[in-house]
Every structure is written in structure tokens, then in C-alpha cells.
Amino acid sequence: MNPVLRVVLRILGIGALVAGGVALALASLAAAILLGPLLFWLAWNVLDFGHALGLPELGFWGIVLATLFLVLGWLGKVLITGIVFLVDPSWFQGAAQVHWPEPSFRNFVAVALLALLASRPHAHAHDRGRRDKG
């Protein structure tokens, strides 16, 4: 085989590998960004977990903020609470009658989906690092 052709094929092979890795990383990021709100919408609006708690259905931005609230850390939760309080302070006046949901399989699945969103796999990684240092 021609040495120039061999070098070109090696470069194209590495380029395809890098392009495939970048495409896979972008697809994973897009799936993570879209999957969280989709799971929350499924649990809250489709399985009627909000209604089972005595809360209304959520619109698009309510679902996005609630998903971020479950996924983010403490500072993100404080920031979202501050944003909601500044935009619509009447939201905190207790318009909803919250109650414990009925024990049904549908509510169990909804709680499991919300718990899946709230349990980030990397949330406990910082604790192990601190123990190793001490």
C-alpha cells in the first residue's frame, strides 16, 4: 500500500473515531436534558401524581423548574425558590390543599420516577473523596 494513502487512512480513522465520540457525547447530553423533564411530566401529569397530592397539573416551565429542583444541589434549589418567589409571590400563599396520596400502583410508579430523578449517581461521590482525605 502507498505510504501516503496509509497516512491519510490513519488520519481519517482517528478523525472518524473522534467525530463518533463527540456525536455520542452530544447525544448522551441531549438525552439527559430531555429525559429528566419527560420523566417528571410522565409522573406528574400523565400518572396524575400532582392530582393525587391535591396539586394542579404543571405546564412546560413548571415541569422544567421542578425537574431542575430535583436534580440540582442546594444552591440550585435556593435559586429556583428565589426565582419563583420573585416572579409569583402569591404561589406561596397556600392555594393548594396538599394531602397524602392514595396507596396505589400508579402513585408508586410516579414516586419511583421522581425518586429516580432525585437520586443522582454522582451525588455521593464527593463524600467518598472527603473520607479518603481525612
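See the structure printed just above.
The rules behind each value
- Residues numbered from 1 in each chain as written.
- Predicted model: local features only at pLDDT ≥ 70, side-chain atom pairs only at ≥ 80, totals over all residues.
- Heavy atoms only, no water.
- Helix = DSSP H or I, 4+ residues; strand = E, 2+ residues; numbered from the N terminus.
- Axes fitted to C-alpha atoms, helices over the stretch in contact; angles between N-to-C directions.
- Parallel < 35°, antiparallel > 145°, perpendicular 65-115°, else oblique.
- Contact = heavy atoms within 4.5 Å.
- Nonpolar A, V, L, I, M, F, W, Y, C, P; charged D, E, K, R; others polar.
- Polar contact = N/O pair within 3.5 Å; in protein donor to acceptor, adjacent residues only side chain to side chain.
- Core = buried A, V, L, I, M, F, W, Y, C linked by side-chain atoms within 4.5 Å.
- Buried < 20%, exposed > 50% of the residue type's maximum accessible area, 1.4 Å probe, protein only.
- Phe/Tyr/Trp six-rings, centres within 6.5 Å; stacked < 30°, edge-to-face > 60°.
- Lys NZ or Arg CZ within 6 Å of the ring centre and 35° of its normal.

Peer 1: What is the right way to look at unusual backbone geometry in this model?
Peer 2: Leave glycine aside and you will find that most residues have negative phi; peptide bonds, for their part, are mostly trans. Even without being a glycine, D48 presents a positive backbone phi close to 55 degrees. Positionally, D48 belongs in the loop between α1 (3-46) and α2 (49-53).

Peer 1: Whenever I open this one, the packing of helix α3 (residues 60-71) against helix α4 (residues 74-87) confuses me. Can you help?
Peer 2: The description of two helices packed together rests on the angle between their axes and the distance between the axes. Between α3 and α4, the shortest axis-to-axis distance is 9 Å and the interhelical angle comes to 150 degrees. With respect to α4, the axis of α3 lies roughly antiparallel. Counted together, L65, L68, F69 and L70 of α3 and K77, I80, T81 and V84 of α4 form the full contact between these two elements. Looking at side-chain class alone, the contact of α3 with α4 contains six nonpolar, one polar and one charged residues.

Peer 1: Just to check I follow, could you spell out the side chain of N45 for this structure?
Peer 2: One can find N45 in helix α1. A polar atom in the side chain of N45 sits 2.9 Å from the backbone oxygen of L58. Ignoring anything within four residues of it in the chain, the contact list for N45 reads F40, E57, L58 and I63.

Peer 1: Please explain the nonpolar core as it appears in this structure.
Peer 2: Judged by nonpolar contacts, the single largest core of 13 residues is most densely connected at F40, A43, W44, F49, A110, L113 and L114. Listed by contribution, the elements that provide at least two residues to this core are α1, α2, α3 and α5 (105-118). Aside from chain neighbours lying at most four places away, what touches L113 is L39, L42, A43 and L47.

Peer 1: Explain the packing of α3 against α5 here, please?
Peer 2: Between α3 and α5, the shortest axis-to-axis distance is 7 Å and the interhelical angle comes to 60 degrees. Taken together, α3 and α5 sit at an angle that is classed as oblique. Side by side, α3 and α5 meet where T67, L70 and V71 of the first sit next to L114, L117 and A118 of the second. The residue inventory of the contact of α3 with α5, partitioned by class, reads five nonpolar, one polar and no charged.

Peer 1: It is not clear to me how the packing of aromatic side chains should be interpreted in this structure. Could you clarify?
Peer 2: Both the distance between ring centres and the angle between the ring planes are used here to describe each pair of aromatic rings. Applying the stated rule across the entire model yields four aromatic pairs. A centroid spacing of 5.6 Å and a plane angle of 15 degrees characterise the contact between F40 and W44, whose relative ring orientation is stacked. Taken together, the residues span about one helical turn, with F40 and W44 both in helix α1 at a distance of four residues. You can call F40 buried: its relative accessible area is 5%. Looking at W44, the relative accessible area reads 11%, which means it is buried. A cation over a ring is seen here: K77 above F69, with NZ or CZ 5.5 Å from the ring centre.

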